[in-house]
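# Observations on chain architecture
Residue-level listing of the chains:
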Amino acid sequence: MNDNFSKFGRSGCTFYLDDSGIILRKISSDSEYNDRLHSQYLKQSKFEDSNNFSTPKPYEFDKLNKLHHFDMEYIHGKTFNNFCLDSNVDEILAFSENLKMFLSDNIKNSILTEINFSKLQIKLDSLFKLLGSGVETYIRFLLDNPIESILIGKNHGDLTMSNIMFSDKYYLIDFLDNPYETPLNDLIKIKQDTEHNFYFNLIGKSDTKVKVCLDYLDKQLNTKFEEIQNSHQFIWLSIFNLLRVLPYLKNRSEIESILKSLKKYERYITSSR
């Protein structure tokens, strides 16, 4: 592997590009992460192209070493930031339409399924131990107003702008497993960037054209999915997602950004009491 190329994600996983520049290897952060990495590999392997969205072809998963890994084809593409800066209006509009169709089709083809809330309750208890009393209001709301069913179906799991590469298609990377596999998570994660501006915290800068693109996408998503976003199920999962992000943050501005986003739901929490 080429040691001159490496990337460390928030999960701690490492990425290496081989000397030929063709194969990218994703390596588990530690032995405890091995099972999650395998789940992500399976999810990426099962992904089917849809609405111009694709994924780098994954190869064999290797469990021989202490840190498990898998290889995938390396895609030469642009980040969302460069895509916005380099693209014309038609290209940006095309991405918006494809994104809406991708999300809409997955939601439409999902099945409303009764769930065992205990799996989410365990996660909430764990989050409270990690985050403390500063978020108790939100965790208490989620515990007191549980969701009994979720739309289960195809999803990426962490569909943020930083996990999309722009080339001949829109390539999804860094799939993520969740307590329940729902396409609503993908809409929630996209809005984490378009509505809550978390993308700029990640890249450390804010360009006017990129901000315009994100604002446009957010308006399009709000129009397309207005009814869904007003549902208790969506709001519950949105708060849950923001809380789950917090333990991975170390930068104060990122933490404050998430806390500010949580405050947007206080009116809903108050009215539900």
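Quantities reported herein were computed from a predicted structural model and do not represent experimental measurements.

Judged by nonpolar contacts, the single largest core of 62 residues is most densely connected at F80, F95, I239 and L243. Per-element tally for this core: the top contributor is helix 10 (residues 232-245), with nine residues. If we skip the residues at most four places from it in the chain, L243 touches L127, L131, V135, Y138, I139, L142 and L262. Counting residues in each nonpolar core, the second largest holds 11 residues, with Y33, F61, M72 and L176 among its members.

Read from one edge to the other, the open sheet built from three strands follows the order 4-10-9, with strand pairing classed as mixed. Only two strands of the sheet have a single partner each, and these edge strands are strand 4 (53-54) and strand 9 (164-166). Here strand 9 pairs with strand 10 (residues 170-172) via three bridges, running antiparallel. Residue pairing for strand 10: I164 is matched across the bridge by L172.

Within the secondary structure, N65 sits in the loop between strand 5 (58-62) and strand 6 (69-73). Distance from N65 to S31, taken between C-alpha atoms, is 9.4 Å for residues 34 residues apart in sequence.

What counts, and at which threshold
Residues numbered from 1 in each chain as written. Predicted model: local features only at pLDDT ≥ 70, side-chain atom pairs only at ≥ 80, totals over all residues. Heavy atoms only, no water. Core = buried A, V, L, I, M, F, W, Y, C linked by side-chain atoms within 4.5 Å. Buried < 20%, exposed > 50% of the residue type's maximum accessible area, 1.4 Å probe, protein only. Helix = DSSP H or I, 4+ residues; strand = E, 2+ residues; numbered from the N terminus. Contact = heavy atoms within 4.5 Å. Pairing = 2+ DSSP bridges.

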